[in-house]
Amino acid sequence: MTSTRNEACAAEIVALHQVFEAWLGAPGTGDFSRFEAAFAEGFQMVLPSGARFDRAGILDFLRKARAVRGPGFRIAVEDMATVHEAPGLALMHYVERQWFGTQETARRAAALFDTTATPPRWLFVQETWVTPPAA
């Protein structure tokens, strides 16, 4: 499935992860309002640990996490695909790899987007660890 809406969702996934990389890395730069704009009211996220956050919780978590990963922190987004689309919605899948220090992690994510917004807004994310971190 390829559509302009799905391409916009894919671009948003990459763009927001670039903001995560800058925010969490050293020196922890970036515009926090980008996170506030990205996550729709009612946004929810389930981390690989099983911890569940609502929009306020994830924004609070991110505020406190500025520069926590330190110098050299990197994020790459791979294996992006559309799982399903419906009027005004797209469910996307991707693999997120992170490198910090000598550690590499990977997680598979499913993200639901409101495609009526420009750029698409994040409604829900579910992440699962990939162990070992191979594609």
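See the structure shown above.
Treat the numbers as computed from the prediction; the structure is a model and nothing was measured.

**Q** Please provide a residue-by-residue account of the overall build of the protein, values included.
**A** Looking only at helices and strands, the protein has 3 helices and 6 strands in total. Each helix (α) and strand (β) of the protein, taken in turn from the N terminus, gives the series α-α-β-β-α-β-β-β-β. Over its C-alpha atoms the protein spans a radius of gyration of 14 Å, differing by no more than 12% from the 14 Å that the globule rule assigns to 135 residues. With the principal axes as the frame, the protein shows a C-alpha extent of 40 × 30 × 25 Å. Within the protein, buried positions represent 41% of all 135 residues. Measuring between centres, the 13 positive side-chain charges of the protein sit 4 Å from its 15 negative side-chain charges.

**Q** An account of the nonpolar core is needed here, citing residue identities and associated values.
**A** Considering soluble globular proteins, one finds that nonpolar side chains tend to be buried as a cluster. Ranked by internal contacts, the top residues of the largest apolar core, which has 30 residues, are Leu 16, Phe 20, Phe 35, Phe 39, Trp 122 and Val 125. Elements represented by at least two residues in this core include exactly helix 1 (4-24), helix 2 (33-38), strand 1 (39-46), helix 3 (55-64), strand 4 (89-100), strand 5 (103-114) and strand 6 (121-129). Of all the elements, helix 1 adds the most residues to this core, at 7 residues. Every residue in contact with Val 125, bar those within four places of it in the chain, is listed here: Phe 43, Gln 44, Met 45, Val 46, Tyr 94, Ala 109, Ala 110 and Ala 111.

**Q** I'd love a proper account of the sheet that holds strand 5, names of residues and values included.
**A** Spatially, the 6 strands line up as an open sheet ordered 2-1-6-5-4-3, and their pairing is mixed. Strands at the two margins of the open sheet, each flanked by one partner only, are strand 2 (52-54) and strand 3 (74-86). Recorded for the sheet is a direction-independent mean angle of 15° between the axes of neighbouring strands. Note: strand 1 against strand 2, 3 bridges, orientation antiparallel. Note on strand 2: the bridge partner recorded for Met 45 is Phe 53. Helix 1 rests against strand 1, strand 3, strand 4, strand 5 and strand 6 of the sheet, and its axis sits at about 150° to strand 3. Strand contacts of helix 3: strand 1, strand 2 and strand 6, with the helix running at about 75° to strand 1, the strand carrying the most contacts.

**Q** Outline helix 1, listing residues and values.
**A** In this model helix 1 runs 30 Å from its N-terminal to its C-terminal C-alpha over 21 residues, within 8% of the 30 Å that 1.5 Å per residue would give. Among all positions in helix 1, only Asn 6, Cys 9, Glu 12, Ile 13, Leu 16, His 17, Val 19, Phe 20, Trp 23 and Leu 24 are buried. End-on view of helix 1: buried residues confined to an arc of 155°, all on one side of the axis. Turned more than 90 degrees off the buried face of helix 1, the exposed positions are Thr 4 and Gln 18.

**Q** So what about the pattern of salt bridges? Which residues, and what values?
**A** Once their charged atoms are close, side chains differing in charge can pair, the charge on each being opposite to the other. One pass over the structure, following the stated rule, counts 9 salt bridges. For the salt bridge of Arg 63 with Glu 36, the shortest nitrogen-to-oxygen distance reads 3.5 Å. A residue pair is termed long-range when its members are at least 10 positions apart, and Arg 63 in helix 3 and Glu 36 in helix 2 qualify at 27 residues. By relative accessible area, Glu 36 is classed as partly exposed at 30%. Between Glu 78 and Arg 97 there is a salt bridge, with its nearest N and O atoms 2.7 Å apart. Of this pair, Glu 78 sits in strand 3 while Arg 97 sits in strand 4, and the two are 19 residues apart along the sequence. The exposure class assigned to Arg 97 is buried, which follows from its relative accessible area of 6%.

What counts as what
Residues numbered from 1 in each chain as written. Predicted model: local features only at pLDDT ≥ 70, side-chain atom pairs only at ≥ 80, totals over all residues. Heavy atoms only, no water. Helix = DSSP H or I, 4+ residues; strand = E, 2+ residues; numbered from the N terminus. Rg over C-alpha atoms; globule rule 2.2 N^0.38 Å. Buried < 20%, exposed > 50% of the residue type's maximum accessible area, 1.4 Å probe, protein only. Lys, Arg positive; Asp, Glu negative; His and termini not counted. Charge placed at Lys NZ, Arg CZ, Asp CG, Glu CD. Core = buried A, V, L, I, M, F, W, Y, C linked by side-chain atoms within 4.5 Å. Contact = heavy atoms within 4.5 Å. Pairing = 2+ DSSP bridges. Axes fitted to C-alpha atoms, helices over the stretch in contact; angles between N-to-C directions. Expected span 1.5 Å × (residues − 1). Arc of directions from axis to C-beta. Salt bridge = Lys/Arg side-chain N within 4 Å of Asp/Glu carboxyl O.

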